[in-house]
Every structure is written in C-alpha cells, then in structure tokens.
Amino acid sequence: MKTVGLFLACLALLLPGCHVAHGPKPRPHDPWVFRSVLDGRPRMISLALHEQMYAAYDAENCGLYKLWKGGLLIEGAPFTGVKNIQPLSWGHVYGLDSLKQPLWLLVKQQEETMLRSQFKGYHLSNSGIRFHYLLLSHEGDSIWVDEAVEVGMPDDSHISLERSFESREIPAHTRLCLLSMGQKIWLHNGNSRQRHVFERVGAVPRPDKAALMQGAGSRGHYWLAKSGCDTCHELEEATIGPAYRQIAGRYQGQAGAMEALVEKVRQGGAGVWGQVPMIPHPHIAPGDVREMLKYILSLAPAARQPARRRRAEVDMEGKKPGFGAPLAGLHPSYELICIRPQSFRPKVASMDFLPDGSLLVATWDSVGGVYKLSGLESNDTSQVQIKRIAAGLAEPLGMKVVDGQIFVMQKHELTQLIDHDGDELIDEYRAVCNAFGVTADFHEFALDLAYKDGYFYTNLSLAMRLMAHERQLPDRGRTIRIAPDGSYEWVNFGLRQPNGLEVGLDGELFATDNQGKWLPANKLIHIQPGVFHGSRAVIGDSLPELKGKPPAVWLPQDEIGNSPGEPLLMKDGPYKGQMIHGEVTHGGIKRVFLEKIRGEYQGCVFRFSQGLEAGIGRMVWGPDGGLYVGGVGMNGNWGWKGRTYGLQKLVYNGKTTFEMLAIRARPGGFSLTFTAPLAPDSGKQPADYLVQQWRYEATENYGGPKLDLEILPVRRLKVSADRKKVDLFIPGLKEGHVVYFRLNEHLRSAAGQTLWAGESWYTLNAIPRTGN
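Here we summarise the structure given alongside this text. (Residues numbered from 1 in each chain as written. Predicted model: local features only at pLDDT ≥ 70, side-chain atom pairs only at ≥ 80, totals over all residues. Heavy atoms only, no water.)

1. Quick notes on the overall build of the protein
Reasoning step 1: Scanning the protein from terminus to terminus reveals 8 helices and 49 strands.
Reasoning step 2: Over its C-alpha atoms the protein spans a radius of gyration of 29 Å, differing by no more than 12% from the 28 Å that the globule rule assigns to 772 residues.
Reasoning step 3: Among the 772 residues that make up the protein, the fraction classed as buried is 57%.
Reasoning step 4: With the model as given, the accessible surface of the protein reaches about 31900 Å², and the carbon-plus-sulfur share is 51%.
Reasoning step 5: Distance between charge centroids for the protein: 6 Å, based on 86 positive and 82 negative side chains. (Helix = DSSP H or I, 4+ residues; strand = E, 2+ residues; numbered from the N terminus. Rg over C-alpha atoms; globule rule 2.2 N^0.38 Å. Buried < 20%, exposed > 50% of the residue type's maximum accessible area, 1.4 Å probe, protein only. Areas by Shrake-Rupley, 256 points an atom, 1.4 Å probe, with all protein chains shown as cover. Lys, Arg positive; Asp, Glu negative; His and termini not counted. Charge placed at Lys NZ, Arg CZ, Asp CG, Glu CD.)

2. A closer look at the sheet that holds strand S3 (residues 41–50)
Reasoning step 1: Spatial ordering of the open sheet is given by S2-S3-S4-S5-S6, a layout of 5 strands whose pairing is antiparallel. Edge positions in the sheet fall to strand S2 (33–38) and strand S6 (88–96), since each has one partner strand and no second. Going across the sheet, the axis of each strand differs from the next one's by a mean of 40°, ignoring polarity.
Reasoning step 2: For strand S5 (residues 63–73) and S6, the ladder comprises 8 bridges, and the chain directions are antiparallel. Residue pairing in the sheet places Lys 69 in a bridge with His 92 of S6. (Pairing = 2+ DSSP bridges. Axes fitted to C-alpha atoms, helices over the stretch in contact; angles between N-to-C directions.)

3. A few points about the packing of aromatic side chains
Reasoning step 1: With the rule as written, the count across this model stands at 28 aromatic pairs.
Reasoning step 2: Between Phe 34 and Phe 79, the aromatic rings sit 5.9 Å apart at their centres with planes inclined by 55°, giving tilted as the arrangement. Taken as a pair, Phe 34 in strand S2 and Phe 79 in helix H2 (residues 77–80) lie far apart in primary sequence, 45 residues in all. For the pair Phe 34 and Phe 79, one class covers both residues: buried.
Reasoning step 3: Counting every residue linked through ring pairs, the aromatic cluster contains Tyr 57, Trp 104, Phe 119, Tyr 122, Phe 131, Tyr 133 and Tyr 429. (Phe/Tyr/Trp six-rings, centres within 6.5 Å; stacked < 30°, edge-to-face > 60°.)

4. Here we look at the pattern of salt bridges
Reasoning step 1: Inspection of every chain in the model, using the stated rule, returns 30 salt bridges.
Reasoning step 2: Between Asp 58 and Arg 41 there is a salt bridge, and its shortest N-O distance comes to 3.1 Å. With Asp 58 in strand S4 (residues 53–58) and Arg 41 in strand S3, this pair connects stretches of sequence that are 17 residues apart. The two residues Asp 58 and Arg 41 agree in class, both being buried.
Reasoning step 3: Glu 428 is the salt-bridge partner of Arg 430, the closest N and O atoms lying 3.0 Å from each other.
Reasoning step 4: On the basis of relative accessible area, Arg 430 is assigned to the partly exposed category, the value being 34%.
Reasoning step 5: A residue is classified by how much of its surface remains accessible, and Glu 428, at 6% relative accessible area, is buried.
Reasoning step 6: In this structure, a network of salt bridges that share partners links the residues Asp 356, Lys 372, Lys 387 and Glu 424. (Salt bridge = Lys/Arg side-chain N within 4 Å of Asp/Glu carboxyl O.)

5. Section: the nonpolar core
Reasoning step 1: Counting residues in hydrophobic clusters, the biggest one holds 64 residues, and the most contacted among them are Leu 47, Tyr 57, Trp 104 and Leu 176.
Reasoning step 2: Ranked by size, the runner-up nonpolar core spans 30 residues in total, among them Phe 658, Met 660, Val 739 and Tyr 762. (Core = buried A, V, L, I, M, F, W, Y, C linked by side-chain atoms within 4.5 Å.)

6. Comments concerning unusual backbone geometry
Backbone phi values are negative for most residues with the exception of glycine, while trans is the configuration of most peptide bonds.
Reasoning step 1: Positive phi, normally seen in glycine, also occurs at Leu 543, with a value near 50°.
Reasoning step 2: By secondary structure assignment, the location of Leu 543 is in the loop between strand S33 (522–526) and strand S34 (553–555).
Reasoning step 3: For Leu 543, a relative accessible area of 42% puts it in the partly exposed group.
Reasoning step 4: In the Ramachandran plot, Arg 598 falls in the positive-phi region, its phi being about 55° despite a non-glycine side chain.

7. A short note on helix H5 (residues 244–251)
Reasoning step 1: When we look at burial in H5, the residues that qualify are Tyr 244, Ile 247, Ala 248 and Tyr 251. Looking straight down H5, one finds its buried side chains confined to an arc of 100°; they lie on one side.
Reasoning step 2: Looking one or two residues past H5, Gly 253 carries a phi angle of roughly 85°, positive in sign. (Arc of directions from axis to C-beta.)

8. Observations regarding the sheet that holds strand S47 (residues 725–729)
Reasoning step 1: Read across the open sheet, the 4 strands follow the order S42-S43-S47-S46; overall the sheet is antiparallel. Each of the sheet's edge strands pairs with one partner strand only, and the pair in question is strand S42 (660–666) and strand S46 (716–719). Taken pair by pair, the neighbouring strands of this sheet meet at an average axis angle of 20°, ignoring direction.
Reasoning step 2: Of the strand pairs in this sheet, S46 and S47 are connected by 4 bridges, and their pairing is antiparallel. Bridging from a neighbouring strand, Val 719 pairs with Val 726 of S47.

9. Regarding the packing of helix H6 (residues 257–267) against helix H7 (residues 286–297)
Reasoning step 1: The geometry of H6 relative to H7 is characterised by a closest axis approach of 9 Å and an angle of 115° between their N-to-C directions. Relative to H7, the crossing made by H6 is right-handed. Side by side, H6 and H7 meet where Met 258, Glu 259, Leu 261, Val 262, Val 265 and Arg 266 of the first sit next to Pro 286, Val 289, Arg 290, Leu 293, Lys 294 and Leu 297 of the second.
Reasoning step 2: Within the contact of H6 with H7, the residues separate by chemical class into 8 nonpolar, no polar and 4 charged. (Left-handed = near helix turned anticlockwise from the far one by under 90°. Contact = heavy atoms within 4.5 Å. Nonpolar A, V, L, I, M, F, W, Y, C, P; charged D, E, K, R; others polar.)

10. Let's talk about the pairing of S47
Reasoning step 1: As paired strands, strand S43 (residues 669–674) and S47 are joined by 5 bridges and run antiparallel to one another. The residue of S47 that forms the bridge with Phe 670 is Leu 728.
Reasoning step 2: Between the antiparallel neighbours S46 and S47 lie 5 residues, among them Arg 723 with a positive phi of about 60°.

11. Some remarks on the environment of Pro 484
Reasoning step 1: For Pro 484, the location among the structural elements is in the loop between strand S29 (478–482) and strand S30 (488–490).
Reasoning step 2: Pro 484 sits in the exposed class, given a relative accessible area of 63%.
Reasoning step 3: Sequence spacing of Pro 484 and Gly 404 is 80 residues, and the spatial spacing of their C-alpha atoms is 15 Å.

12. A few points about the state of the cysteines
Reasoning step 1: A complete count under the given rule lists 0 disulfides for this structure.
Reasoning step 2: The thiol sulfur of Cys 177 is not disulfide-bonded, and the nearest other cysteine sulfur, from Cys 62, lies at 15 Å. (Disulfide = S-S within 2.5 Å.)

13. Re H6
Because an α-helix completes one turn every 3.6 residues, residues spaced three or four positions apart along the sequence face the same direction.
Reasoning step 1: When we look at burial in H6, the residues that qualify are Ala 257, Leu 261, Val 262 and Val 265. Down the axis of H6, the buried side of the element spans an arc of 130°, and every buried residue falls inside it.
Reasoning step 2: Summarising the contacts, the buried residues of H6 are in contact with H5 and H7.
Reasoning step 3: Positive phi appears at Gly 268, one or two residues downstream of H6, with a value of about 80°.

14. Observations concerning the pairing of strand S38 (residues 600–609)
Reasoning step 1: Across the 10 residues of S38, 9 count as buried, placing the element largely inside the fold.
Reasoning step 2: From the end of strand S37 (residues 589–597) to the start of S38, which pair antiparallel, there are 2 residues, and Arg 598 there has a positive phi angle of about 55°.
Reasoning step 3: Strand direction decides the pairing type here: S38 and strand S49 (residues 759–764), joined by 2 bridges, are antiparallel. Bridged to Cys 604 within S49 is Tyr 762.

Following this line, the structure appears as structure tokens:
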C-alpha cells in the first residue's frame with residue numbers, strides 16, 4: 001500500500017523540472033476521494049488532488065474523464081435533501097475526454113481489438129491513490145493495470161497530472177493502448193508514465209448555486225436538461241432562445257397556453273422570439289412536455305397559497321395512539337439508551353458489528369463515511385470512542401461483516417473495505433461486484449445487504465425520473481445474488497423501492513417494498529427465486545397475463561406504513577421468532593407475525609414502538625443483546641417529523657406489555673393471542689372487535705385505494721380457559737383481502753393493564769382448509 005508514495009518520489013527524479021508533492025498533504029475537499037454520480041454520469045470517482053486541480057475518473061470504463069480547477073457542487077437527496085439533482089463539477093476545465101469514455105485497445109500487427117474493462121477498486125495512502133483495472137479480451141486474455149495519479153508543477157505557469165501505469169500479463173507480441181484525453185497512451189508490461197500539462201489559471205468564480213438549484217426538485221426541471229433544452233435556453237438570460245423566466249412571464253395565466261406550447265415544443269417553429277428556429281421534438285411525449293412546461297411557467301411570480309396539512313395528519317384527528325393513530329412513546333417492555341455523543345449525528349445508511357464488539361455505522365451524506373464505535377457496552381456516551389475509518393462512499397445503504405471482513409453496498413458497487421496495516425483506517429476499497437446496470441437517476445439505489453449461504457443479496461430499485469420513451473434497465477426492480485467471485489444473477493423481479501432486506505423467519509430472506517406505481521400499498525415480501533412481485537415498470541406491457549404474487553403482509557399506506565425499512569428477526573421475550581421492521585416516514589418500529597398457510601407465508605402487522613429520535617431505516621442486534629436502531633431522513637416527505645439522524649439502543653427489560661401477540665387464520669375466522677390473560681369481564685362481547693376487509697389492485701397509478709371495503713360482523717367468539725386466546729368466528733371472509741382488527745380500547749388484562757395498541761392488519765392470502 002505504501003508503494004504509491006515511493007513511486008511518486010521516484011517520479012519526481014525521473015521527470016526533470018517537475019515537482020511532485022508526496023507524503024501527507026492537505027486536500028481542498030474532505031473526503032478527497034468521493035464516489036457519486038457526477039455531471040450526469042454514474043460510477044464516477046472525483047479526486048480533490050490539489051487546490052489547483054480536481055480529477056474525475058470513470059469507474060464504469062476504467063479511465064480519466066475530466067480535469068479542472070474549481071470544485072464540486074455536492075447536491076442531491078443524500079447530501080442536501082433535494083431530489084433529481086446530482087453532484088456537479090464546476091470551474092475551469094483543463095481537459096475533458098472527447099470520446100466521453102476511455103477506450104482500451106490491444107494491438108497486434110496493426111490489428112486493434114477493443115478490450116472489456118472491469119474496475120477492481122483502489123488503494124489509498126497518505127501520498128495518493130492507485131486504481132486497479134482488469135482488461136479482458138474476447139480471446140480470453142486477462143491484463144491487469146494499476147494507475148497512480150498525482151499533481152505536478154513543471155514550472156510557475158503550468159500544472160500537470162502525472163499518471164503512472166503498472167501493467168501485467170500483456171500477451172507477447174502485442175501492445176496495450178489507452179485512448180484518453182485525446183491521446184494514445186502505449187503501455188507495456190512493467191511501468192509506463194504519461195503527463196498531461198496545462199497552463200495554470202487564476203481564481204475561478206464559484207457558480208450561482210441558487211440559479212443551479214432553481215426547481216431542482218421538479219421532474220420538469222430535470223427533464224429540460226435531459227432533453228437538451230438547456231443548450232438553447234437559460235434561466236435568466238436569453239441566449240439562442242429566450243430565457244425560461246421570459247417564457248414564464250409571457251404565458252403564465254393565459255388560457256390555452258399550455259396546449260399551444262406543448263404543440264410548439266413538439267413541432268418546432270420560429271417567429272415568436274426571433275427568427276432562429278426551435279428544433280422540433282416529436283419524440284418527447286406530450287405528457288413529458290407538460291411537466292417541463294409546468295416548471296417553466298412556475299418561474300413567474302405567483303400568489304402564495306396557504307400550506308395544506310398532509311392527509312395522514314388530517315386522518316389522525318380525534319384518534320387515540322394505538323387505536324387509529326401512531327403510538328406516542330416507547331414500548332413499555334424496552335429501555336431506551338442513548339449511545340451517541342451529541343457531536344455525532346449520523347444519517348444511518350447501514351450498520352453491523354465487528355467481532356471485537358465495536359459497531360460500524362455507514363452514513364447517507366456528503367461524507368459517505370464508515371465510523372467505528374467502541375465502548376458501547378458502557379451505555380455511557382462519554383465512554384464511546386468514534387473513529388472514521390473510511391469515507392467517500394456513494395450512498396452505502398447496505399453493510400455486512402462476514403468472518404471479520406467488511407463489505408458495503410454502495411449505490412453502484414459491492415465493495416470490500418480492507419485495512420492492510422492495522423491502523424484501523426481503510427487502505428483498499430476493493431470492488432467485488434459492479435457489473436449490474438445503472439444510470440444517473442437519483443432514485444436508483446442498491447438497498448440493504450444480506451448474506452446467506454456464502455452469497456450476498458441486495459435490492460436494486462427503479463429509476464423514477466424516466467421520460468415516456470425511456471425504459472428501465474433490465475437489472476432494476478430486482479433482488480440480485482452476488483457470488484464471491486463478483487458474478488451476479490437475478491433472483492426475482494417486479495420490485496419498486498425495496499428498502500429493507502434480511503434473513504428472517506426460518507432462515508428465509510424477506511424484504512420490504514414501498515408504495516408507488518403498481519404498488520397500491522407498502523408490503524413485506526418473502527424473497528423467492530423467479531417470483532414476480534407486481535411492478536410492471538421493467539416488463540411493461542409484455543406478459544400481460546402475469547399476475548404479481550401477493551406479499552406476505554400488506555402495510556397500508558399512512559395507517560401502519562409509509563417508508564418501511566430493514567426487517568429483522570426478533571430475539572426478545574414473547575416476541576422471539578417474529579419479525580420487526582423500521583419505518584422512516586411513519587416512524588418507529590412495526591412488528592410482524594407470520595404463519596404458513598398452504599406452504600406460503602402470510603400474517604399480520606402490529607404497531608410496536610415509537611419514541612425514537614428519528615425515522616428508522618436500519619437495525620442490528622448487538623453482541624450485548626441490545627437492539628441498535630439507526631435513524632435517517634431528509635427534508636420533504638421522507639423522514640419522521642423532519643428529523644434526519646439518530647442512533648439509539650433498545651434493551652428488553654422483561655416487563656409484560658398487554659397487547660395482541662399474534663393473529664392466526666382459522667377456517668371461518670381468526671384466533672387472537674394476547675401477551676397476558678384478559679380480565680374476566682373483558683373481551684367477551686363481539687362488539688369489542690371491529691373487523692373490516694378490503695382488497696388492493698395493482699395499477700400504473702401511484703398507490704391505490706381500498707377496494708370493496710366492508711365491515712364484517714363477529715358472529716360469535718370463544719375465550720380460552722387461560723384467557724390469553726380469543727377465537728373469532730367471522731362469516732364473509734375472502735381470500736386475497738386485508739383484514740383489519742381494532743379492539744375496544746377499554747379492554748383490560750387480568751393485572752389491570754390497558755392495551756398498548758389495539759390494531760392489526762392481517763393479509764389473508766389463503767384461508768386454512770383444515771385444523772389449527
């Protein structure tokens with residue numbers, strides 16, 4: 001790992017007149033290596049090499065993309081809470097690859113063969129970075145190339161990028177060529193060097209961030225840039241065409257203006273703003289044009305409208321916590337322990353424990369860090385030590401420690417983090433798998449990371465800002481299985497935004513998915529090979545006869561879910577063997593009881609706990625038996641009460657909380673089990689049990705209503721001898737429906753406790769035919 005510094009010292013001797021800085025040095029940005037989408041390109045690595053030079057490398061194609069003086073505008077959902085926009089480079093451009101991507105060639109007797117490139121990660125040291133590439137030919141050749149980069153100062157008026165290559169296993173009688181930055185770079189086995197020299201420039205003005213951010217959360221704004229409209233139009237100033245604000249000022253409020261402008265954009269024309277013709281855009285669907293025009297017309301001054309309350313807030317009016325409204329506090333069977341010092345405010349992306357008992361926390365922010373927390377067993381924040389061991393990761397929303405080795409699931413890559421010298425700082429970011437399809441869409445996440453039987457599993461969510469003529473990539477909306485060698489395969493299809501994935505009941509994989517198009521409500525899913533889960537975003541109109549498999553449990557929107565997170569198998573008290581999952585927007589933790597009917601999982605969800613410092617996306621059991629919960633969120637509609645960070649521990653205290661423990665389907669009804677016996681005069685009347693049922697239907701609309709909603713009468717009931725079970729006999733139950741229960745809030749236990757929560761939602765995919 002330390003060879004980079006030695007190489008750079010040698011390079012300074014080999015290149016006369018060039019001074020290369022080496023050893024520890026300040027960088028103009030922290031972290032100085034930063035992975036993200038950049039300038040509309042996925043899988044980019046930005047390097048803040050020097051205050052005079054930034055570089056961007058394309059990990060998709062293994063090579064240099066851009067050199068500039070200036071900086072990075074770090075904007076986007078994980079960084080500033082603004083959707084649609086992604087990080088941008090700004091400043092004076094020294095060099096930009098004219099091919100739009102580097103190109104690797106193997107040349108033999110004047111015959112050129114294009115090579116396939118695989119990015120294998122990079123090493124960091126105090127003195128620089130070294131990239132690792134694997135190049136593959138159709139004939140089976142495997143060529144390894146390492147590239148180290150550093151800034152040089154040939155003289156007072158020039159700056160250079162010094163590139164060093166170390167190549168291995170180039171076949172005999174062939175030459176390796178890299179087309180990069182308009183140059184041919186010839187490489188041979190051993191060391192090769194290349195220098196790019198540029199004239200130094202003075203101060204570079206920072207961009208007008210406000211102008212860049214105007215309307216960044218709008219699909220129309222995003223699609224304007226995507227469609228090339230920004231080539232001729234700017235926000236404030238007329239260039240080839242009128243400024244967007246000029247258009248807004250002329251047409252805002254005019255009757256029929258929208259449809260006339262839609263036609264004008266699609267067919268083109270001239271004469272309104274001058275004689276320069278506007279290029280026709282017939283390939284852009286009318287609906288997409290309307291979205292773009294909505295944004296443009298919104299730029300005109302308008303009267304402010306009074307704020308409207310969210311529907312969930314209105315619906316909760318007059319309802320009691322646990323009986324129609326979210327719970328108001330922490331579950332009584334748990335104690336809440338603060339484990340983070342006030343100065344540590346993580347937007348938790350993922351977590352796991354090392355064998356030594358320390359907790360690793362990755363963050364969903366502009367640092368993209370991994371932090372090691374030790375001393376947690378003290379339950380004293382003053383005794384907790386925090387050390388950042390890695391940084392610059394792109395939205396690391398999954399993490400697993402396997403046999404002491406750290407793996408993180410970034411937006412575009414499964415990466416192993418390796419500390420080679422034992423200083424607890426990550427030296428190598430080794431790429432395990434980065435072959436799955438990605439675009440620059442902000443909503444394409446790689447969500448969570450599970451490990452089972454020697455394989456990793458992750459969920460690939462859908463792009464959300466596609467225009468009508470664009471299609472989802474084939475890998476999206478799926479769970480994929482990743483082998484140790486980095487190869488991957490599809491497990492299922494038809495997912496949307498499956499934010500949680502973990503090994504749960506019976507050692508099976510379970511995932512949560514979020515309401516949206518083709519998903520009428522949130523859901524908990526049993527992951528099985530080859531299963532279609534309902535979203536037609538990828539398959540479109542093909543296979544029209546294909547029906548999505550119903551989830552194990554529906555999580556009705558705004559009632560018990562909004563943005564479900566990671567599921568986890570319970571280990572505590574009477575809940576052991578059940579599952580829980582966090583909730584980012586609805587907040588708190590929900591509990592799920594599952595049973596198998598006709599060989600398939602189905603069951604019910606209960607309110608479990610609120611009282612946490614943020615919405616919960618990730619959870620993990622600690623070696624001390626504590627349940628560690630990680631908070632996350634952003635402004636807008638993804639987060640609980642505007643809170644964006646949190647890290648706490650829940651410890652089971654052994655106290656009995658009176659609530660429903662399980663609901664089991666029975667022929668002709670259900671069996672409700674409680675955590676404690678009912679009082680002799682409690683729960684004896686059918687009127688104590690409100691029961692409703694409805695069904696959902698997947699459509700291309702966002703979400704969906706409750707269909708065929710009806711109240712079901714409880715015909716009769718039977719209370720068990722120990723008073724911990726009540727059998728309800730309910731006529732009219734239908735398969736494929738959600739059955740909702742709300743109990744009388746005045747029910748009491750034999751010990752005099754009131755119900756902690758009195759609601760449950762059971763997904764009745766199948767009615768048992770016989771027996772228990």
